[in-house]
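Residue-level structure breakdown
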Amino acid sequence: MRATRLLHLLLLLQTRDPINATALSRELKVSPRTVYRDIDALSAAGVPVYVADGPRGGYTLLDGWQTRLTGLTGQEADVLALIGLPGQAAELGLGAALAATELKLLAALPDEAADRAGRIRQRFHLDAVAWFREPEPASHLKVIAAAVWQSTPVTIRYRRWAPAPPRDVERTLHPLGLVCKAGTWYLVARPHDGGQPRTYRIGRIQRLTLAPGSFDWPEDFDLAAYWAQTTARYQTDLRQDDMTLRISSQGHERLTDLMGPGFPVRVLSPPDANGWLQVTVPFESVDDAVERALQIGAAAEVLAPDAVRQRVIDTLALMTARYHEAGPAPAAPAAPGVSRPPQPKAPSPS
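What comes next is a walk through the structure. (Residues numbered from 1 in each chain as written. Predicted model: local features only at pLDDT ≥ 70, side-chain atom pairs only at ≥ 80, totals over all residues. Heavy atoms only, no water.)

**Observations concerning the overall build of the protein**
When helices and strands are counted, the protein shows 12 helices and 11 strands. Counting across all 350 residues of the protein, residues that qualify as buried make up 33%. If you take every contact in the protein between residues at least 6 apart in sequence, the share linking residues at least 24 apart comes to 57%. Summed over all atoms, the accessible surface of the protein reaches about 23000 Å², with 55% contributed by carbon and sulfur. (Helix = DSSP H or I, 4+ residues; strand = E, 2+ residues; numbered from the N terminus. Buried < 20%, exposed > 50% of the residue type's maximum accessible area, 1.4 Å probe, protein only. Contact = heavy atoms within 4.5 Å. Areas by Shrake-Rupley, 256 points an atom, 1.4 Å probe, with all protein chains shown as cover.)

**Concerning the pairing of strand 10 (residues 277-283)**
Judged by how many residues are buried, strand 10 sits mostly within the fold: six of seven residues are covered. Relative to strand 10, strand 8 (residues 241-247) is paired through seven bridges, and the arrangement is antiparallel. Bridge assignment links isoleucine 247 to a residue of strand 10, and that residue is leucine 277. (Pairing = 2+ DSSP bridges.)

**Examining helix 11 (residues 286-296)**
Among the residues making up helix 11, those that are buried are Asp288, Ala289, Val290, Arg292, Ala293 and Ile296. One or two positions beyond helix 11, positive phi appears at glycine 297, with a value near 75°.

**Description of helix 2 (residues 21-28)**
Ala21, Ala23, Leu24, Ser25 and Leu28 are the residues of helix 2 that are buried. The N-cap of helix 2, judged by a side-chain oxygen 3.2 Å from the amide nitrogen of threonine 22 a few residues on, is asparagine 20. Looking at the residues trailing helix 2, positive phi occurs at lysine 29, about 60°. (Polar contact = N/O pair within 3.5 Å; in protein donor to acceptor, adjacent residues only side chain to side chain.)

**Considerations on a nonpolar patch on the surface**
Taken together, the side chains of Leu294, Leu316, Met319 and Tyr323 define a hydrophobic patch exposed on the protein surface, amounting to about 390 Å² of accessible area. Top contributing element to the nonpolar patch by residue count: helix 12 (residues 306-326), with three residues. Summarising the element assignment, methionine 319 is placed in helix 12. (Patch = residues over 30% accessible without salt bridge, like charges linked within 9 Å, V, L, I, M, F, W, Y side chains within 5 Å. Salt bridge = Lys/Arg side-chain N within 4 Å of Asp/Glu carboxyl O.)

**Quick word on the sheet that holds strand 8**
If you trace the four strands from one edge of the open sheet to the other, you get 9-10-8-11, paired in antiparallel fashion. Pairing within the sheet leaves two strands with one partner each, and these edge strands are strand 9 (266-267) and strand 11 (300-304). Together, strand 8, strand 10 and strand 11 form the strand contacts of helix 11, whose direction differs from that of strand 10 by roughly 140°. (Axes fitted to C-alpha atoms, helices over the stretch in contact; angles between N-to-C directions.)

**Details of the pattern of salt bridges**
Any two side chains of opposite charge can pair, given that their charged atoms come close. Counted under the stated rule, the structure contains seven salt bridges. For aspartate 287, the salt bridge is made with arginine 311, and the minimal N-O distance between the two is 2.6 Å. Placement of the pair is aspartate 287 in helix 11 and arginine 311 in helix 12, with a sequence separation of 24 residues. One salt bridge connects aspartate 288 with arginine 292, and the closest N-O pair in it is separated by 3.3 Å. Placement of the pair is aspartate 288 and arginine 292 together in helix 11, with a separation of four residues, close to one helical turn. Among the residues examined, aspartate 288 registers a relative accessible area of 12% and is labelled buried. The network of salt bridges with shared partners includes Arg246, Asp272, Glu301 and Arg309.

Fair warning: the whole summary comes from geometry, so function is off the table for now.
Structure, rendered in structure tokens:
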């Protein structure tokens, strides 16, 4: 463990500007005292480490000195495809390997290229999770990742989303790949007894065990192509019907913000004198269409289908009645030290 840490320390010194003991201790996940001892060990081994003075000072290497201990281990080479995805690598249990890989790659680059790579890291960051969402817990992810890598069958107890029973089913699968979509992990697997690959949401796996034996990887399987075809088919299947809206320009912008710029909105007419136009949008159910219409609010009017329009009318009528029944909202308490102006009295009935 110490030899690995010393190599990590050496590569950090080689790929960073002067770096102090506190920052090194965070990177290496050890105490500053351990960093001091490791620096002494490197110096005793002939590595020219010195301390740069000044407010941005710290440990650094003699100009021009460079180690050639940058060869990748097997696991470090495995994670090359995860460069730039530290969060996903950590979820797969490969965070440390990815950090070591990036350090070795930077150490092997010429100074100018390494500096450019460092600037890109400082200026660009990928956050793959949608707004107002946390990454979905995936407690079985590391075991599944190992099964994918080693071509080991798995037996899972899976909770289906379909309302028809049975909700919980047991499956023995050949895991073929993992996909992370907007912070949610999915397993692509083929049934143990044959058949086409299917997609399983890892957060719905209730129980998982490794099955005996192994399976042969299907040479004709392409994970990226499978996912593209599956998602395109899924989005098409969800579009059960179209909803026609009369919508203002602000409502049109609101619809785009809600559904994303790639959501298929078809414009049926140019804007009228007030800037309103007619559009159609796909929906998967009446409930889904009503929810979208209400999210846009008064900036849109449902024209068709009749079932959606009537549901919106009924919903708004119920909301209006409820608010009228409740009466005006009670006045908020005044802030401490602030007097509230006297309220006019209602006229007495004659």
